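Below are the chains, spelled out letter by letter.
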Amino acid sequence: MKTLLKNAREQKGLKTREVAQLLRIDQALISKFESGTRKPTRDQVIKLASLLEIDLETIMVVWLKEKILYEIGQDEFALKALLVAEQEIRYLSKPSKKKLSITLQKILDEIDALKTKLDGFRQFDSYRVAQALELEYTFESNRIEGNTMTLRETDLVINEGLTISGKSMREHLEVINHQEAIAYIKDLMQRNSSLNESEVLSIHNLILRGIQPEDAGRYRKVQVMIQGSSHMPPQPFLIAKEMEDFFIWYETNKSSLHPIVLAAEMHERLVTIHPFIDGNGRTSRLVMNLVLLQHGYIIANIKGDYENRMRYYQSLETAQTKNNKEDFLLFIAQIEKESLERYLNIIGQ
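The name an unreviewed UniProt entry assigns to the protein chain is Helix-turn-helix domain-containing protein, from the organism Flavobacterium petrolei.

Structure follows, in structure tokens:
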């Protein structure tokens, strides 16, 4: 464990102080983990794996092995006890993968067929097409949140650097910030950076930069109510714990869930926690699309017109209040399918 952690940290070019700051763990503890004089907790192991980009299964096996050796390694009955424990673990183990509905599995199969087709025509990818679709994504994502700029006005702000008469400074900044946030998640994707707390806070910082600088990239410190929703987000003092659980869930499930399901779950879980005073919707959609991009899919662009916005909000409400995510998963899957079909149509395939 100690060698694994130290080597991974050095490969990332990080100092123990920097790791401690990023994970909010005392620097002395990081040093003790690397010297072998202290064992990290399970939650700390998961955080370290995410930050240092260590395969979660690899580090968890090492951690459990050392934990077992520490507890019973010197006991004369250790081997017999391990054999009995192995039999019981095998008996108790059950597949953790949740079975998907027939409807959802069908659309996921259709999506994967479209992705396979797209993978065969990646040479036809066009910077101009991608730029146009990202512009539409900025327009639609902001429209969902009440921004009144048209697609043409959004284009003029981003590509011509113009200001639109009658539109507020906030609306201008929402357009500019969102476009920069798209560039940021694309950069994370190209660098194959693991999704962690620092990246999510950076995405949110971009979204609120210049709009609410005191709240940009920071968790909220007050209780909020979501307008038009019966869901009550957690109290401010619980947010850090909720977010810690959010990243633990991601690390635990990122290799076992279908990427569309993983991306949709990340969106729903983040927006349900509602960790920020503002910008939760945009940030959640960007996190979702980062996951999709990392797995070779394209941006799922939820439209901001009344019909789509209502379907989006209602499926989220059902997931949050009835513990039934089927409608939301189907909604996101359908959006991704439509986005793939449109992209293939644009590039003429």
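Read on for the rest.
**Q** Explain the overall build of the protein chain to me, using residue names and the numbers behind them.
**A** On a plain count of helices and strands, the protein chain comes out with 16 helices and zero strands. In terms of overall dimensions, the protein chain is globule-like: its C-alpha atoms have a radius of gyration of 23 Å, near the 20 Å expected for 349 residues. For the protein chain, the spread of C-alpha atoms along the three principal axes comes to 80 × 45 × 45 Å. Across the 349 residues of the protein chain, 46% fall into the buried class. Counted over contacts in the protein chain with a minimum sequence separation of 6, partners at least 24 positions apart contribute 67%. In the form shown here, the protein chain has an accessible surface area of approximately 18900 Å², with 53% of it arising from carbon and sulfur atoms. Taken as two groups, the 47 positive and 49 negative side-chain charges of the protein chain have centres that lie 2 Å from each other.

**Q** Describe the domain arrangement of the protein chain, naming the residues involved and giving the relevant values.
**A** Frequently, the measure chosen for interface size is the accessible area that the parts lose on association. Splitting the protein chain by domain gives domain 1 (1-93) and domain 2 (102-348). Facing the nine residues of domain 1 at the interface are 13 residues of domain 2. Summed over both sides, the interface between domain 1 and domain 2 buries roughly 890 Å², with carbon and sulfur atoms accounting for 53% of that surface. Of all residues in domain 1, the largest losses of buried area upon contact with domain 2 belong to Arg24, Ile46 and Ser50, amounting jointly to 45% of the total for that side. Where domain 1 touches domain 2, the interface holds two salt bridges. The residue lysine 47 makes a salt bridge to glutamate 244 at a minimum N-O spacing of 3.6 Å. In this structure, the connection of domain 1 to domain 2 is made through two residue pairs in polar contact (both at pLDDT 80 or more). In the side of domain 1 that touches domain 2, the residues fall into four nonpolar, one polar and four charged.

**Q** Outline the packing of aromatic side chains, supporting the account with residue identities and numerical values.
**A** Under the defined criterion, the tally for this structure stands at five aromatic pairs. When the ring of tyrosine 312 is compared with that of tyrosine 313, the centres are 5.6 Å apart and the planes differ by 25°; the resulting orientation is stacked. Its guanidinium or amino end placed over the ring of tyrosine 297, lysine 115 lies 5.4 Å from that ring's centre, counting from NZ or CZ.

**Q** Kindly report on the side chain of asparagine 147, identifying the contributing residues and their values.
**A** Mapped onto the elements of the fold, asparagine 147 is located in the loop between helix 8 (127-144) and helix 9 (151-160). Judged by relative accessible area, asparagine 147 falls into the buried class, the value being 7%. Looking at asparagine 147, its side chain comes within polar contact range of the main-chain oxygen of glutamate 171, at 3.2 Å. Those residues in contact with asparagine 147, other than ones at most four positions away along the chain, are Asn142, Glu171, Glu174 and Val175.

**Q** Run through a nonpolar patch on the surface, naming residues and quoting values.
**A** On the surface, Leu64, Ile68, Leu79 and Leu82 cluster together to form a nonpolar patch covering roughly 360 Å² of accessible area. Put simply, the parts of the chain that give the nonpolar patch at least two residues each are helix 5 (56-72) and helix 6 (78-92). For leucine 79, the position within the fold is in helix 6.

The rules behind these values
- Residues numbered from 1 in each chain as written.
- Predicted model: local features only at pLDDT ≥ 70, side-chain atom pairs only at ≥ 80, totals over all residues.
- Heavy atoms only, no water.
- Helix = DSSP H or I, 4+ residues; strand = E, 2+ residues; numbered from the N terminus.
- Rg over C-alpha atoms; globule rule 2.2 N^0.38 Å.
- Buried < 20%, exposed > 50% of the residue type's maximum accessible area, 1.4 Å probe, protein only.
- Contact = heavy atoms within 4.5 Å.
- Areas by Shrake-Rupley, 256 points an atom, 1.4 Å probe, with all protein chains shown as cover.
- Lys, Arg positive; Asp, Glu negative; His and termini not counted.
- Charge placed at Lys NZ, Arg CZ, Asp CG, Glu CD.
- Domains from an automatic or database assignment.
- Buried area = accessible area lost by both parts, 1.4 Å probe.
- Salt bridge = Lys/Arg side-chain N within 4 Å of Asp/Glu carboxyl O.
- Polar contact = N/O pair within 3.5 Å; in protein donor to acceptor, adjacent residues only side chain to side chain.
- Nonpolar A, V, L, I, M, F, W, Y, C, P; charged D, E, K, R; others polar.
- Phe/Tyr/Trp six-rings, centres within 6.5 Å; stacked < 30°, edge-to-face > 60°.
- Lys NZ or Arg CZ within 6 Å of the ring centre and 35° of its normal.
- Patch = residues over 30% accessible without salt bridge, like charges linked within 9 Å, V, L, I, M, F, W, Y side chains within 5 Å.

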